[in-house]
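For reference, the chains in residue letters:
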Amino acid sequence: MDAFDLDSAYRLHPQVSVRPERFGALLYHFGTRRLSFLKSPALLSVVTALDGAPTARAACAQAGVGAAELPAYARALATLAASQMICARTAA
Amino acid sequence: MTIGGLPGAVSPAGTATLVEEFRSGLAAPICLTWELTYACNLSCVHCLSSSGRRDPRELSTAECRRVIDELERMQVFYVNIGGGEPTVRPDFWDLVGYANAHHVGVKFSTNGARITPEVAARLTASDYVDVQVSLDGATAEVNDAIRGAGSFELALRAMRHLARAGFAGFKISVVMTRQNVGQLDKFKALADSLGAQLRITRLRPSGRGADVWDELHLTAGQQRQLYDWLVAHGENVLTGDSFFHLAGYGQPLPGLNMCGAGRVVCLIDPVGDVYACPFAIHDAFLAGNVRSPGGFAAVWRDSELFARLRGPQSGGVCASCSAYDACQGGCMAAKFFTGLPLDGPDPECVRGLGQRALALVDAAAPRPAGDHSHRTSVTRATGPVPVSIGPRPADVVATTASSPARRGVPARACGQDPLAGFALPAR
């Protein structure tokens, strides 16, 4: 599996559904039958912004993630990539 | 219910606890059990829904489809379908297909009777269907004493069909009893040999389980044995998060260590009644019916019972116990159907406080609602059941002796808490 790269383009996996909750969101992957929990509304904003942003870094900026918080968000996104909740957006 | 494990929690900060959030309830259940029918070809002695005969008021196909539409709107990603034996409904496959077409995944429980090679092949081809075959003994003797003569072969045949069709990772679902807890390694080996995943859950005194609880529930020594086994092998074994009361031994088990009733789980029964959890089929835990205006969504959102469950809970007599943070007082249904107060210890409290509390309880615990059992007796395996564990500890024997009627007294002689002895009122 490719390592997560902040400067690549990502998208929500096509088999993943997102349900917003008070604490953030619930993600469900219909392929792997796994649930994941986004434990902050800001992280949900980042994940939602991935599709339309040229890079993950841009999605973070768009969601208002500051430079100081960026490493934490990068780790969270890497976790989501490792569990196939998000995937690299290659030429579609 | 397995919440995919809290390791699935992704947080940039990693501070707030999800369990706190879950306790106050979610916009929709994470895990919904839907018993489609009370009809069943078997008569398992511990059946938590007392199934056997079909209820004539069962939801129609059209009504089931409306429920699925609602689940899609609420983004309930998957349902656990059970019964009864759900596959005896003539519209079962139709409903599974309808759910999948509406983005609701299905995991269904079956005793295997209808899993032919053709059905197994069809299931393997479907991405959004998962199967769970029930088995309560790793040998025919142990299994058939619980599930009825021939049921071991029935289940094994279904599993072989699934394995041969290439269905990877189907579940073998085992309710832990005094007779089969010693077979854990055998169950695991069976699952491994079939490319399946083992799922073990806790016996509850619910449905017909109330009648066999005393003879089937684990002894204190067996609970410890199970806990140690889970700590050692729990990684790839599903538990439906049903053993959180054992966290009182020390280390929490993988999964969600809390009672999710009415907060993240609930049950829809065959006639559309919504209960707080699959183990609590009783008026005291009835939240509403999907046939009422507003449907299931309104019940989930507005039920007074669910609102109460999502509010702050009193630890009652358990609040001062050092294990309370870990075990959360255990299972609501297990307490209720053994006649214990809901804010007291679980009957299987690892510190033995449940056993002590039981000694103070009137013999007449609340009876599970709705008996759908077959009126004729079903052939049950006869003969001795091999038991691999030693005699019951003296304290268990003591509590089964008839105790004087002490209903309504505090669960402990010194219990001054105004809520001691409090039971959830019927709605």
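Computed from a predicted model, the values in this text were never measured in an experiment.

Caption draft 1: Main features of the overall build of chain B. For chain B, the count of helices and strands is 15 helices and 10 strands. Across the 427 residues in chain B, those meeting the buried criterion constitute 49%. Sequence separation of 24 or more characterises 73% of the internal contacts of chain B that already satisfy a separation of 6 or more.

Caption draft 2: Representation of the sheet that holds strand S1 (residues 9-10) of chain B. Taken in spatial order, the 4 strands make up an open sheet running S2(A)-S3(A)-S4(A)-S1(B), and their pairing is mixed. The open sheet has two edge strands, strand S2 (16-21) of chain A together with S1 of chain B, and neither has a second partner. Each of S2, strand S3 (24-29) and strand S4 (34-38) of chain A together with S1 of chain B touches helix H1 (residues 41-50) of chain A; the most contacted strand, S3(A), lies at about 50° to it.

Caption draft 3: Representation of the pairing of strand S2 (residues 31-35) of chain B within the structure. All names here are of chain B. Counting buried positions along S2 yields 5 of 5 residues, so the element is predominantly enclosed. One ladder, built from 4 bridges, connects S2 with strand S8 (residues 265-268); its direction is parallel. Bridge pairing in S8 links Trp34 to Ile268. Bridge count for S2 against strand S3 (residues 78-82) is 4 bridges, and the pairing is parallel. Looking at the pairing, Glu35 lines up with Gly82 of S3. Taken together, S2, helix H2 (residues 61-73) and S3 constitute a β-α-β crossover, and its handedness is right-handed.

Caption draft 4: Examining the interface of chain B and chain A more closely. Chain B puts 22 residues into the contact, and the matching count from chain A is 24 residues. For the side of chain B that touches chain A, the secondary structure elements donating two or more residues are S1 and helix H1 (18-23) of chain B. When its residues are assigned to classes, the side of chain B that touches chain A shows 13 nonpolar, 6 polar and 3 charged. Relative to S1(B), S4(A) is paired through 2 bridges, and the arrangement is parallel. Among the inter-strand pairings, Phe37(A) is bridged to a residue of S1(B), identified as Ala9(B).

Caption draft 5: Highlighting unusual backbone geometry. Residue and element names in this part refer to chain B. Here the amide bond leading from Gly83 into Gly84 is cis, since omega sits at 15°, within 30 degrees of zero. With respect to the helices and strands, Gly84 occurs in the loop between S3 and helix H3 (92-101). For Ser50, which is not glycine, the phi torsion reads 45° and is therefore positive. Tracing the chain through its elements places Ser50 in the loop between S2 and H2.

Caption draft 6: Molecular detail of the packing of helix H4 (residues 117-125) of chain B against helix H6 (residues 151-165) of chain B. All names here are of chain B. Interhelical geometry of H4 versus H6 gives an angle of 50° and a closest axis separation of 8 Å. The angle between the axes of H4 and H6 places the two elements in the oblique class. In the crossing of H4 with H6, the sense of the turn from one axis to the other is right-handed. On the side of H4, the interface is formed by Pro117, Ala120, Ala121 and Thr124, while H6 contributes His161, Leu162 and Ala165. When grouped by side-chain class, the residues that make up the contact of H4 with H6 number 5 nonpolar, 2 polar and no charged.

Parameters and conventions
- Residues numbered from 1 in each chain as written.
- Chains lettered and ligands numbered in written order.
- Predicted model: local features only at pLDDT ≥ 70, side-chain atom pairs only at ≥ 80, totals over all residues.
- Helix = DSSP H or I, 4+ residues; strand = E, 2+ residues; numbered from the N terminus.
- Buried ≥ 20, exposed ≤ 12 C-beta atoms within 10 Å, placed from the backbone.
- Contact = placed C-beta atoms within 7 Å.
- Pairing = 2+ DSSP bridges.
- Axes fitted to C-alpha atoms, helices over the stretch in contact; angles between N-to-C directions.
- Right-handed = clockwise from strand over helix to strand, strands pointing away.
- Nonpolar A, V, L, I, M, F, W, Y, C, P; charged D, E, K, R; others polar.
- Parallel < 35°, antiparallel > 145°, perpendicular 65-115°, else oblique.
- Left-handed = near helix turned anticlockwise from the far one by under 90°.

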